[in-house]
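Architecture at a glance
Residues per chain, in single letters:
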Amino acid sequence: MATETRTPFEEQRSARPQVRPRTEGWTQAQDSEGRPLLQFASPKRGKPPEHLADLTVEERVAKVQELGLPGFRAKQLSTHYFTHHTSDPERMTDLPAAQREQLVAGMLPPLLTETRRLATDKGDTIKFLWKLHDGALVESVLMRYPGRITLCVSSQAGCGMNCPFCATGQQGLTRNMSTAEIIEQIVRANAAIAAGELGGDPRKGGKDRVDAERVTNIVFMGMGEPLANYKRVMDAVRTMVAPQPHGLGMSARGITISTVGLVPAIKKLADENIPITFALSLHAPDDELRDELIPVNSRWKADEAIDAAYEYYAKTGRRVSIEYALIKDMNDHAWRADLLADKLNARGKGWVHVNPIPLNPTPGSVWTSSEPHVQDEFVRRLNAAGVPTTLRDTRGKEIDGACGQLAAADETDV
Ligand code: SAH
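Residues numbered from 1 in each chain as written. Predicted model: local features only at pLDDT ≥ 70, side-chain atom pairs only at ≥ 80, totals over all residues.

With that settled, the discussion passes to the pairing of strand β1 (residues 113-119). Within a regular strand, side chains alternate between the sheet's two faces. Across six bridges, the pairing between β1 and strand β2 (residues 125-131) is antiparallel. In the sheet register, Leu118 faces β2, and the bridge partner there is Lys127. Taking the residues that link successive antiparallel strands as the turn, the β1-β2 hairpin has five residues, and the phi of Gly123 there is positive, at about 80°. (Pairing = 2+ DSSP bridges. Helix = DSSP H or I, 4+ residues; strand = E, 2+ residues; numbered from the N terminus.)

Take the confidence of the model for the chain next. Detailed reading of predicted coordinates is not advised where the pLDDT is low. Mean pLDDT for the chain: 90, with 93% of residues reaching 70 or above. Here residues 205-212 is modelled with pLDDT under 50, and outside its nearest four sequence neighbours on either side it reaches four contacts, counting other chains as well. (pLDDT = per-residue confidence, 0-100. Contact = placed C-beta atoms within 7 Å.)

Here we take up the domain arrangement of the chain. The domains assigned to the chain are domain 1 (52-107) and domain 2 (111-413). In this structure, domain 1 and domain 2 have C-alpha centres spaced 32 Å apart. At the interface, ten residues of domain 1 touch 15 residues of domain 2. Counting residues per element, the side of domain 1 that touches domain 2 draws most heavily on helix α3 (residues 73-83), at six residues. Considering only residue class, the side of domain 1 that touches domain 2 consists of four nonpolar, four polar and two charged. (Domains from an automatic or database assignment. Nonpolar A, V, L, I, M, F, W, Y, C, P; charged D, E, K, R; others polar.)

So, on to the site of the ligand. Neighbouring the ligand are 17 residues, the closest being Cys166, Met221, Ser281, Cys403 and Gly404. Counting residues per element, the ones that place at least two in the shell around the ligand are β8 (255-259) and β10 (320-326). Considering only residue class, the shell around the ligand consists of nine nonpolar, six polar and two charged. (Near = placed C-beta within 6 Å.)

Our next topic: the nonpolar core. Counting residues in hydrophobic clusters, the biggest one holds 105 residues, and the most contacted among them are Ile186 and Ala309. Residue contributions to this core peak at seven residues, all from helix α5 (residues 179-194). Each of domain 1 (52-107) and domain 2 (111-413) contributes no fewer than three residues to this core. When near neighbours in sequence (up to four residues on either side) are disregarded, Ala309 contacts Ile266, Phe278, Leu280, Val320 and Val352. (Core = buried A, V, L, I, M, F, W, Y, C linked by C-beta atoms within 7 Å. Buried ≥ 20, exposed ≤ 12 C-beta atoms within 10 Å, placed from the backbone.)

This part covers the sheet that holds β1. Read across the sheet, nine strands follow the order β1-β2-β3-β4-β7-β8-β9-β10-β11 without closing on themselves; strand pairing throughout is mixed. Strands with a single pairing partner mark the edges of an open sheet, and in this sheet they are β1 and β11 (352-358). Here the strands of the sheet are splayed against their neighbours by 20° on average, with no regard to which way each runs. Bridge count between strand β4 (residues 148-152) and strand β7 (residues 217-220): three bridges; the pairing is parallel. Directly across from Leu151, in β7, lies its bridge partner Ile218. Across the sheet, helix α11 (residues 372-384) touches β10 and β11, and the angle it forms with β11 is around 175°. (Axes fitted to C-alpha atoms, helices over the stretch in contact; angles between N-to-C directions.)

Here it is, written out as structure tokens:
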């Protein structure tokens, strides 16, 4: 009998419905060669003004000197910016009054204009909408958790990776953000925290609780594909970890870079020697589905992306994360949990953990998140197979600040 020759995977495959982006009416935009449309190059637009945070320590000194002032002023400006989160000349009383305006105009030009802010009821999550110098819009999301404060930052205005379930992916790429535009999101979040604007319970005393009231963790899970804006993102990471006053003095371990799976860039990242956390947005272990769900799978297949993630672990010793948005009847089948576990275990033990997250449906989305019992079963199977797996929470849903919901529409545009 035919059924006797079926593999267990096939057996289970037939038991559950299988929806796909295409069957649900999604049409994949294509390039001139008929391949899924992906935008790697940033469209040309006017460059954002050059800012202290775009420059190395030496370049900052040189630029201050170009402005006709002694080089040591660069360090004072850096302290104001990175340590005291201010670009306000009025507050820079250690600088000669006559030179402040000029120094600030030349070194700390405005980069982000806050155009809207949304907060959850408890106030422990804030979504900022920023307008860039050319009118492009980006968002960041600030979240207080017990013992840490996380900022979800954007690395591009829009995104060129075209993932059908992601609000930003559906916008297309407006442009890459500059290093300083990436950093400024953190500085502005720190300013908001210092002003007491982030609700929730501030951390209390204790010797490991110094610096409590600053952003402690960064996730590159806002708008954009960070590895498609590699150089600026890495320069920003270097400034995040540079000790104060030359940088933000953050711990690299608290910084997570998440990617759709740009394999050559993952390999480069592994050689950077900065102990950041690496996350791969896999979302399907099989190419059949991943080809549709993550259009970049047309360039680098699921196995190549998993191999690159493993290589990251092998080179850095840092455990990597696999992200997996659970979409009802799309990628949440038990056989996929088993296949994922098999593929991860085939490469080794203890090198990876899986972070499923229930899909946050985007406006107009035909897909929904998996049923809770299906989510639980997915997680259970991976854990049972020895792959540490924890369901991620979906903070900020009610303010459209959850993963994949960042679309950056201005009130005036909608
Ligand atoms: N370009 C990067 C960062 C994007 S956002 C990347 O793809 O990894 C960070 C995570 O949110 C990614 O894993 C992304 O796939 C996921 N995501 C996107 N849309 C989502 C949605 N609607 N619901 C849940 N997660 C989503």
